[in-house]
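# Fold and contact review
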Amino acid sequence: MQTYARAVVIGGGCVGVGILYGLAKRGWHDAVLLERTQLTAGSTWHAAGLIPSYARSRPIGMMIQKSIDIYEGLEAETGMSVGWHKCGQLRIAKSNARLDEYKSYMDVYETQGIRAQLLDDSQVKELWPLLRNDEEMIGALYNPDDGHIAPADVTMAMARGARDLGAKIYLETEVRAVARTRSGEWKITTNRGEILCEHVISATGNYARQTGAMFGLEIPAIPIIHQYWITDAVPQIKARKAAGLPEMPILRDEGFEGYLREEGDGLMFGPYERTEKLHLFAENGVPEWFGADLMEEDFDAVSWNWEMAMQSVPSLGEVGIKANVRGPFQMTPDELPLMGKAWGVPNLWLAEGVPGGILWGASIGYYLSQQIVEGGNDIDTSALDPRRYGDYSNKNWLKPKILESWGTHAEQHYPGEDRAAGRPQKTAPSYDFLDRKGAVWGVMNGWEHPNWFAPAGVPQQNQYSWRWTEKGKYIGEEVRAVRQSAGLIEMTFMTKYEVSGVGAAGWLDTILANKLPKIGRSNLSHLLTQRGTVVGEFIVARLDEDFFFLVATPTAERYYFDELSRLLPQGSSVTLRNVTNERAGMAIVGPNARKILAPLTEHGLENTDFPWFGVREVNLGLASDVRMLRVNYEGELGWEIYCPIQYQRGLIAQIFDAGEEHGLRPVGTQALESLRLEKSYRAMFRDMNTELTAWESSLDRFIALEKGEFIGRDALIAARDAGVRQRTVTVKIQTSGKSVIGGEGLYRDGRLVGRITSGGYSYTFGHDLAVALLPVGLGDVGAHFTLTILGEPHDAFVIDESPYDPTALRARA
């Protein structure tokens, strides 16, 4: 075995080989793959090989399409067959909610470059004649370009492609230890010797938690055990083949919660185990005896699926069973891979927790290699970033979440769904207080937070649907309270950091795109990539010359901390502290906010003493060391309050006592979303991300090119000089009964020209408001477009930014 490589991939499944192939295609021909036994020996060899393109998320849909594109080109490139069957995929809807889900997908599919159509009963039975003649359904979704592929064949083809470009694969090579050398390289110790490298990529499948432990990481993934059956020959399939008819599409049916496809002359049936029947694997490490092994069949776990499937497809029950395949594969709580930088460890990249390595192998190889070689992706892959999970994702939390995740895989899910397993986990001191006020709880970054508040007599539980529900009435009341009197929003979940030490100001000034605020002031600043796209958004509050308090989105606590830590100047006295768990947060906003808070502090709250975007450290009520920021996400007079967490329970009671006569009411995050859209405030990871430049996200007023060097400045200047081609704008959409949820395509004369990045209902204006990405020249005020919402056509019109109080007079009051 060689002793040096630029990059070492650990793991020889489809994902690991795909990464080696991706690195080699990008010119890193000295990359190496280490596999403890043989290629495909983990989950790859027994995978079902399905390639479904269905995803409501544009980046994820595009990634799946990338897998298909790469697989379709492998045979010509390598001369090896990959067993690709482009048979299409059918998803049957038997409930109105499921049909709404598919209609919503039809609102977005074209933005992903995918083909899809809704079919009726007769069209479905024409494509799948094995269905019972009187099988009832209310529609189906058809993706004609989906299919299935031979897992081992496609892996071996990528391996040949990588080898042909100079990459090396070492089999029967087990990684036993890793260490950093003084020069910053990785030393990997194996049973065949040591190898030094600059980058390590962990793609070890079922061994992810063990591999992660070598690097000091707890990987938020645990394998589950899934199974499928292969039948003997089915006469109808043999007859179709004899007649030269095409292979039937892969069939998915919510009635039996599973998939059916042709396999040779028979059928493959893969029923999904529900949570109570599902089993985890290797939660404490893969056993020594386990290799390319399978588990014993578990028919009882899915007996009901079989019964329902045989009713829908009678031929399934008319033939014998040839084989059962039951084995483990990785799973994460959101069923998405962990792809990208490992937190806190330099030059370690993760490709773990991949639920469907065949589906993801080529695209992870493409996009992870792009991150490693080029420093980022040309699409937003933040939904897969491993750092989206924080330190709350310990094993005791993971186990119920992963059982819930795969155990409800085939059940109906809805936008914004907060599932119950592993909760409550992190709670602010205000939890019981707000629960008694009717909080209907959601979760972000492990933190419980109120989505909305149910009045007395209304069940204190979430209402999920693709359409409007009764809760809209109560959310509307919360919005009106903020606009007319005052609301309190629990914000402990916000990510919070402190930056301090000699040189802190100089460091922040070189990484953030805005000018630093003066002492006692705050502003909104963005961390960009070298390409000028947006990594993160921060409220930057300056407490002293070299002491700053940063507030950011709750879902990026680990992600931002890792990104900022990597940028810290070596050998300096600048320190970065994560104080998220140390300070509770609340926003008190609305015309009466000053009246409510003034009696609780000796510090003046009038404009002369506490101007807009001011920052003060005060005593508030009985709480000491309270940081008050006169900023908010709602566009009203108001303050965000961050107090030491031990004071919050007493302080929130005092604030409500003071606010009773002024109409203060608790407000949830779903009202907050409506309020921010009325101000055209951009949302991180939706309207801003690492795909769009700051210009494209219309962040111009926060970019201070004149201040001097900062990350991404040169790219922004170049983009400005070349001419910005697209921008986000605000659009209004007249709606009733349903709203945009983001991702919908915008059309002009029947041609796709843009897309909604985020949106929803405005309770102040009585119609939908959305942020939309459109080509420059098409996004002028008054421009008209069409879109569909649940398949029904609607008109969208570009309007001026910040339709509510565009000059911020109310916030400045």
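Residues numbered from 1 in each chain as written. Predicted model: local features only at pLDDT ≥ 70, side-chain atom pairs only at ≥ 80, totals over all residues. Heavy atoms only, no water.

## Quick word on the pattern of salt bridges
Selection criterion: Any Lys or Arg side-chain nitrogen found within 4 Å of a carboxyl oxygen on Asp or Glu counts as a salt bridge. Helix and strand labels come from DSSP, where a helix needs a run of H or I of at least four residues and a strand needs a run of E of at least two; each type is numbered from the N terminus. To sort residues, take the accessible area from a 1.4 Å probe on protein chains only and compare it with the maximum for the residue type: under 20% means buried, over 50% means exposed, and anything in between is partly exposed.
As enumerated under the stated definition, the model contains 54 salt bridges in all. The residue Arg566 makes a salt bridge to Asp562 at a minimum N-O spacing of 2.6 Å. Residue Arg566 and its partner Asp562 are both found in helix α14 (residues 557-567); the two are separated by 4 residues, about one turn of the helix. Taking relative accessible area as the criterion, Arg566 reaches 33% and is therefore assigned partly exposed. Judged by its relative accessible area of 5%, Asp562 falls in the buried class. The closest approach of N and O atoms between Asp721 and Arg720, which form a salt bridge, is 3.2 Å.

## With respect to the state of the cysteines
Just so we agree on the cut-off: Two cysteine sulfurs form what is called a disulfide whenever their separation falls within 2.5 Å.
Under the criterion given, the structure shown has 0 disulfides. Cysteine Cys87 shares no disulfide, and the gap to the nearest cysteine sulfur, in Cys14, comes to 18 Å.

## What about the sheet that holds strand β12 (residues 224-231)?
Going by this rule: Pairing between strands requires that DSSP locate at least two bridges from one strand to the other. Geometry is summarised by axes, namely lines fitted to C-alpha atoms with helices restricted to the contacting stretch, and by angles between N-to-C directions that run from 0 to 180 degrees. Only heavy atoms matter for contacts: two residues are in contact if any of them lie within 4.5 Å across the pair.
Read from one edge of the open sheet, 8 strands run β5-β6-β4-β13-β14-β15-β12-β16, paired in mixed fashion. For this open sheet the edge positions go to β5 (117-119) and β16 (321-329), each flanked by a neighbour on one side alone. Taken over all neighbouring pairs, the strand axes of this sheet differ in orientation by 20° on average, direction set aside. Contacts between helix α8 (residues 303-312) and the sheet are confined to β12, β13 (250-253), β15 (266-271) and β16, with β15 contributing the most and set at about 140° to the helix.

## Concerning helix α10 (residues 395-407)
Filter applied, for reference: To estimate the expected span of a helix, subtract one from its residue number and multiply by 1.5 Å.
With 13 residues, α10 extends 17 Å from end C-alpha to end C-alpha; this agrees with the ideal 18 Å at 1.5 Å per step. All of the buried residues along α10 are Trp397, Leu398, Lys401, Ile402, Glu404, Ser405, Trp406 and Gly407. Residues of α10 that are buried sit in contact with α6 (208-214), β12 and β16.

## Examining the side chain of Gln412
Let me state the cut-off plainly: Any N or O atom pair separated by 3.5 Å or less is treated as a polar contact, with the protein-specific requirement of one donor-capable and one acceptor-capable atom, and with residues adjacent in sequence counted only for side-chain atom pairs.
Its place among the elements puts Gln412 in the loop between α10 and α11 (431-436). Here Arg98 takes part through its backbone nitrogen, which lies 3.1 Å from a polar atom of the side chain of Gln412. Within the structure, the side chain of Gln412 is placed 3.0 Å from the side chain of Glu101, a separation counted as a polar contact. Those residues in contact with Gln412 that sit more than four places away from it in its chain are Ser95, Ala97, Arg98, Glu101, Glu417 and Trp466.

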